[in-house]
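Residue-level structural notes
Below are the chains, spelled out letter by letter.
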Amino acid sequence: MNSMTTILIVEDDERIRNALRAILVACGYSVQETGNARTALAMTASHNPDLMLLDLGLPDGDGMELIRSVRGWSQVPIIVVSARGHERDKVEALDSGADDYITKPFGTDELLARIRAALRHGRARSGNAAAVYQGKGLKVDAGRRLVTVDGQPVHLTQTEYRIVLLLCRHSGRVLTYDFMIRELWGPFSGCDTQILRVNMANIRRKLERDPSMPEYITTEIGVGYRMIELDTESE
């Protein structure tokens, strides 16, 4: 399956680019690469890669602009791989359209897990509304509007369910507070993050075995929330 999956590496540091290529090729991915934004834009348009790994610091422009340019016409999954670790950079990249953000240095297992999640999410962007999401004892059946943990039903309010379903549909990637608020209550709702945090606290009390050490929904401090990567089945 991986042999049919092409990943475009956009990284100006040749050593890092070579290391990424070696990791991906060893895992069976097809790799394309470039060190600048202009060529990356052209390659995305002409070669239609399945995923882009993007460094933000490029010699001919900032990666944020590349994300926004690509998002104007393509939904290719984009994972930012950057040394910039500030919350504001993560939020800007994710709100600009990146699917995920990894801070250098990073582990190989983490990188590959994020890639798998982004690819899965890319395939499911227009997926079945009746999908079933499950992992680690959690099961969310969107068609039946049923949530269970270890086979036991969990009773959520309508708002809590919508939050859980949104996170499931994007499982494995971090969703910013602003993105979630826009998706849940609309761009002009006037809702703030406190409403989201209150609902999340209630969700964790109902889903998590130990709400103080969540297994399913983790917090990216100052950025947003991430649901663990779940398996997805269409009915």
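Small disclaimer: the values here were computed from a predicted structure and weren't measured.

1. Details of the sheet that holds strand E3 (residues 51-54)
Each strand in a sheet pairs with another by means of backbone hydrogen bonds, the pair being arranged parallel or else antiparallel. An order of E2-E1-E3-E6-E7 is seen for the five strands of this open sheet, with the pairing classed as parallel. Strand pairing shows two members of the sheet lacking a second neighbour, strand E2 (30-34) and strand E7 (100-103), which therefore form its edges. The mean inter-strand angle of the sheet, taken between neighbouring strand axes irrespective of direction, is 20°. Sheet analysis places E3 next to strand E6 (residues 78-82), joined by three bridges and oriented parallel. When the sheet's bridge partners are listed, Leu53 is paired in E6 with Ile79. Of the strands in this sheet, strand E1 (6-10), E2 and E3 touch helix H2 (residues 37-47), which is tilted by about 145° from E2.

2. Overview of the sheet that holds strand E11 (residues 152-153)
Across the sheet, which stays open at both edges, the five strands sit in the order E11-E10-E9-E8-E15 with antiparallel pairing between neighbours. Two strands close off the open sheet at either side, each with one partner strand: E11 and strand E15 (231-233). Of the pairings in the sheet, the one linking strand E10 (residues 146-149) to E11 comprises two bridges and is antiparallel in character. The residue bridging Val149 from the neighbouring strand is Gln152, located in E11. Its contacts with the sheet put helix H6 (residues 158-169) on strand E8 (132-135), strand E9 (138-141) and E10, and the angle it makes with E9 is roughly 100°.

3. Focus on the packing of helix H3 (residues 63-71) against helix H4 (residues 87-96)
Their axes nearest at 9 Å, the elements H3 and H4 cross at an angle of 15°. As summarised for this structure, H3 and H4 are arranged roughly parallel, according to the angle between their axes. For the crossing formed where H3 meets H4, the hand is left-handed. Contact residues: H3 offers Met64, Ile67, Arg68 and Arg71, while H4 offers Asp89, Glu92, Ala93 and Ser96.

So, how was this worked out
- Residues numbered from 1 in each chain as written.
- Predicted model: local features only at pLDDT ≥ 70, side-chain atom pairs only at ≥ 80, totals over all residues.
- Heavy atoms only, no water.
- Pairing = 2+ DSSP bridges.
- Helix = DSSP H or I, 4+ residues; strand = E, 2+ residues; numbered from the N terminus.
- Axes fitted to C-alpha atoms, helices over the stretch in contact; angles between N-to-C directions.
- Contact = heavy atoms within 4.5 Å.
- Parallel < 35°, antiparallel > 145°, perpendicular 65-115°, else oblique.
- Left-handed = near helix turned anticlockwise from the far one by under 90°.

Note that all results are geometric; they support no functional claim without further evidence.
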